[in-house]
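Structure at a glance
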Amino acid sequence: MNIYTDTLKPEQPEFYDAVESLAEQAFGPGRFARAAFRLREGVMHEPELSFVLLRKEELIGSVRLTKIMVGENEALLLGPLVVKPEFKNCGIGAQLMKKAVSSAREAGFEAIILVGDFDYYKKYGFKQLPHKQIELPGPADPARILICPLVEGIESKFSGQARRYEVKPGSQID
Ligand SMILES: CC(C)(COP(=O)(O)OP(=O)(O)OC[C@H]1O[C@@H](n2cnc3c(N)ncnc32)[C@H](O)[C@@H]1OP(=O)(O)O)[C@@H](O)C(=O)NCCC(=O)NCCS
């Protein structure tokens, strides 16, 4: 039985340092060279779609969603997903994943992309893609490029080069 009251909430700026330190612990400096990192570089994650899990005010898990472009279509990139090592295998990753996927769907996004282990992510609706359907800005094992369609049958729409999100000209009000 879990005797603690966990709080799952949107990631606010006060958690940025703790989230960075969790990612550093899990992935080390090699994370900066990963294709997924390059897609997020310089782009703010979506604050309402990125979550932290707190236990007794300690941050023990985090997931972020960041807008990206795939071809001409907007999608979300999931990652990093990290759980503090001493709290692994207690369902914290599951709570974060369910919250992230349901929130992205409610917010009207069509798909979430990630680079990760299919065996872990398949239970949250992620699927493997045909080879080269989505190209990343860096090396990635094709079997690890996954998509979670948030609208039935939408996955074929997401093909081509994945790149950092840009605000479309004319869509910003000065
Ligand atoms: C991956 C991670 C987020 C999972 O968090 P968690 O809180 O331990 O996950 P849950 O408790 O919800 O689920 C645990 C289950 O997932 C399985 N699992 C964990 N990592 C897995 C992987 N890479 N592939 C397949 N299954 C995996 C566990 O064996 C366990 O299985 P069980 O329920 O049958 O016992 C956590 O292990 C972590 O932070 N890892 C380091 C960072 C990382 O690799 N992030 C993912 C990047 S792709």
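Description of the structure in this document. Computed from a predicted structure; not experimentally measured.

Turning to unusual backbone geometry, a few remarks are in order. For the bond from Gly-79 to Pro-80, the omega torsion is -10 degrees, close enough to zero to count as cis. Mapped onto the elements of the fold, Pro-80 is located in strand β4 (residues 73–83). Positive phi values are uncommon outside glycine, yet Asn-89 reaches one of about 65 degrees. Mapped onto the elements, Asn-89 comes out in the loop between β4 and α3 (92–106).

Here the focus is the site of the ligand. Near the ligand there are 15 residues, and of these Lys-88, Gly-93, Ala-94, Gly-116 and Tyr-120 occur at the shortest range. Looking at the shell around the ligand, the elements that each hand over two or more residues are β4, α3 and α4 (118–121). Considered class by class, the residues forming the shell around the ligand number eight nonpolar, four polar and three charged.

A separate point is the nonpolar core. Among the nonpolar cores identified, the biggest contains 42 residues, and Ala-100, Ile-112 and Ile-113 are the most heavily contacted of them. Among the elements of the structure, α1 (16–27), α2 (35–40), β2 (51–55), β3 (58–70), β4, α3, β5 (111–115) and β8 (145–149) are those that each provide at least two residues to this core. Of the residues forming this core, the biggest block, seven residues, is contributed by β4. Not counting the four nearest positions on each side in its chain, Ile-112 is found in contact with Leu-65, Ala-75, Leu-76, Leu-78, Val-101, Ala-104, Cys-148 and Leu-150.

Rules and cut-offs
Residues numbered from 1 in each chain as written. Predicted model: local features only at pLDDT ≥ 70, side-chain atom pairs only at ≥ 80, totals over all residues. Helix = DSSP H or I, 4+ residues; strand = E, 2+ residues; numbered from the N terminus. Near = placed C-beta within 6 Å. Nonpolar A, V, L, I, M, F, W, Y, C, P; charged D, E, K, R; others polar. Core = buried A, V, L, I, M, F, W, Y, C linked by C-beta atoms within 7 Å. Buried ≥ 20, exposed ≤ 12 C-beta atoms within 10 Å, placed from the backbone. Contact = placed C-beta atoms within 7 Å.

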